[in-house]
Amino acid sequence: MTPNSEIINWDNIFSKSSEFQTNTPFQFAFIGNWLQKDFYEKLYETYPKIDDSWSTSSDLSRLQFYRLCTSDKKNVPGPSGDDPTLNKYWNQLKKTTESTEFCENFTKFSGVKVNRLKFFEFIAYKQGGFQLPHIHNVGPNTLILMIYFSKNWKHGSPGGTYMASELDESSIIFEPYNLDNSLALFHDSPNAIHGVRYITDNVERRALQITLEYFSEDTGWSGNK
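Here the structure is a predicted model, which means the values were calculated and not measured. (Residues numbered from 1 in each chain as written. Predicted model: local features only at pLDDT ≥ 70, side-chain atom pairs only at ≥ 80, totals over all residues. Heavy atoms only, no water.)

**Digging into the packing of helix H3 (residues 37-45) against helix H4 (residues 88-98)**
Formally: Note on definitions: angles span 0 to 180 degrees between N-to-C directions of axes, and those axes are lines fitted to C-alpha atoms, for helices only across the stretch in contact. The helix and strand labels rest on DSSP assignments: H or I over at least four residues marks a helix, E over at least two residues marks a strand, and numbering proceeds from the N terminus. Angles are sorted into four bins: roughly parallel if under 35 degrees, roughly antiparallel if over 145, roughly perpendicular if 65 to 115, and oblique for all others. By the definition used in this description, the sense in which the near helix is turned from the far one sets the handedness, with an anticlockwise turn below a right angle giving left-handed and a clockwise turn giving right-handed. Note on contacts: a residue pair qualifies if any of its non-hydrogen atoms lie within 4.5 Å across the two residues. By the convention adopted, Pro, Cys, Tyr, Trp, Phe, Met, Ile, Leu, Val and Ala count as nonpolar, Lys, Arg, Asp and Glu as charged, and the other residues, Gly among them, as polar.
Where H3 meets H4, the closest approach of the two axes is 9 Å, and the angle between their N-to-C directions is 120 degrees. Classified by the angle between their axes, H3 and H4 sit oblique to one another. As H3 runs across H4, the sense of the crossing is left-handed. Across the interface between the two elements, Phe39, Lys42 and Leu43 of H3 pack against Tyr89, Trp90, Gln92 and Leu93 of H4. Counted by class, the contact of H3 with H4 contains five nonpolar, one polar and one charged residues.

This is the structure:
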């Protein structure tokens, strides 16, 4: 049995491996039903309420809500085990993303060597939310996974993380509209342009961002070699 298969639909993930590795101008893919249905529903029903415990990023480039569920050691972001504010299902997912098997499978899927969880972070948008096209490029061995928990999203409506070829929304090459148990992921690289279009409807886009990286005690973090 594939590791974590009671939680994760690895067959669906690996079916997109070739697409991910050959996409241009950077590596990305979109995967539906990546979590097993029963487990996903438990997460969906208990997605944390957006309240004063969340932080807000608000400037000329974005308006979003976020809640980070990892702490750091030696100023290096990393997993911290169970989060007492989360239920057993969310902590089960968190432990899964911290596992060696999870990183090994995504290394195999992507061809990008990763060996640990860097961030496990809730990110949400409401009406008026947006993020302009941007690039992180924090290291050569970093994968970013955007996981969606929003049912009945209107086709064509903004809210999903789009991929673009230039730092301009007119160059969008992919934007997801199925935000129910779906995953958009990309290799963080010099060309990995992404963002979120301005949301005009009274909706709530719920997501979880998982960031995987390659870490070495000898050479440092964020994929530096």
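**A look at the pattern of salt bridges**
Using the following cut-off: For this analysis, a salt bridge means a side-chain nitrogen from Lys or Arg found within 4 Å of a carboxyl oxygen belonging to Asp or Glu. Type-normalised accessible area, obtained with a 1.4 Å probe on protein chains alone, sets the label of each residue: buried when under 20%, exposed when over 50%, and partly exposed for intermediate values.
In this structure the tally under the stated criterion is nine salt bridges. For the salt bridge of Glu41 with Lys37, the shortest nitrogen-to-oxygen distance reads 3.9 Å. Of the two residues, Glu41 and Lys37 are both situated in helix H3; the distance of four residues between them amounts to about one turn of the helix. On the basis of relative accessibility, which here comes to 19%, the residue Glu41 falls in the buried class. Lys94 is paired through a salt bridge with Glu98; the nearest N and O atoms lie 2.7 Å apart. Pair noted here: Lys94 and Glu98 are both in helix H4, with a separation of four residues, about one helical turn. Through salt bridges that share partners, Lys37, Glu41 and Lys151 make up one connected network.

**Comments concerning the packing of aromatic side chains**
Formally: Only centres within 6.5 Å qualify two rings of Phe, Tyr or Trp (six-membered ring in Trp) as a pair; their planes then separate them into stacked at under 30 degrees, edge-to-face at over 60, and tilted for everything else. Two conditions define a charge located above a ring, namely a distance within 6 Å from the ring centre to NZ of Lys or CZ of Arg, and an angle within 35 degrees of the ring normal.
Under the counting rule described, the total for this entry stands at 21 aromatic pairs. Taking 5.1 Å as the distance between ring centres and 50 degrees as the angle between the ring planes, the aromatic pair formed by Phe20 and Phe109 counts as tilted. Taken together, the residues Phe20 in helix H2 (residues 17-22) and Phe109 in helix H5 (residues 100-110) connect sequence positions 89 residues apart. Phe20 sits in the buried class, given a relative accessible area of 0%. Here Phe120 and Phe122 contribute two aromatic rings whose centre-to-centre distance is 6.2 Å and whose plane-to-plane angle is 85 degrees, an arrangement assigned as edge-to-face. In this pair, the class of Phe120 matches that of Phe122, namely buried. Through a chain of ring-to-ring contacts, the aromatic side chains of Tyr40, Tyr44, Tyr47, Trp54, Trp90, Phe120, Phe122 and Phe149 assemble into a single cluster. Positioned over the ring face of Phe215 is Arg116, at 4.2 Å from the centre of the ring. For the cation-ring pair, Lys151 lies above Tyr44, with the distance from its terminal atom to the ring centre recorded as 4.4 Å.

**A short note on the nonpolar core**
Grouped burial of nonpolar side chains is what soluble globular proteins tend to show. Definition in use: Here, nonpolar core refers to any group of buried Ala, Val, Leu, Ile, Met, Phe, Trp, Tyr and Cys residues whose side-chain atoms link them within 4.5 Å.
Counting 38 residues, the largest nonpolar core has Trp90, Phe106, Phe120 and Leu212 as its most contacted members. Apart from residues lying up to four places away in sequence, Trp90 is in contact with Leu43, Thr46, Tyr47, Pro48, Phe120, Phe122, Phe149 and Leu208. The next biggest cluster of nonpolar side chains, apart from the first, holds 13 residues, and it includes Phe30, Trp153, Leu179 and Ala184.

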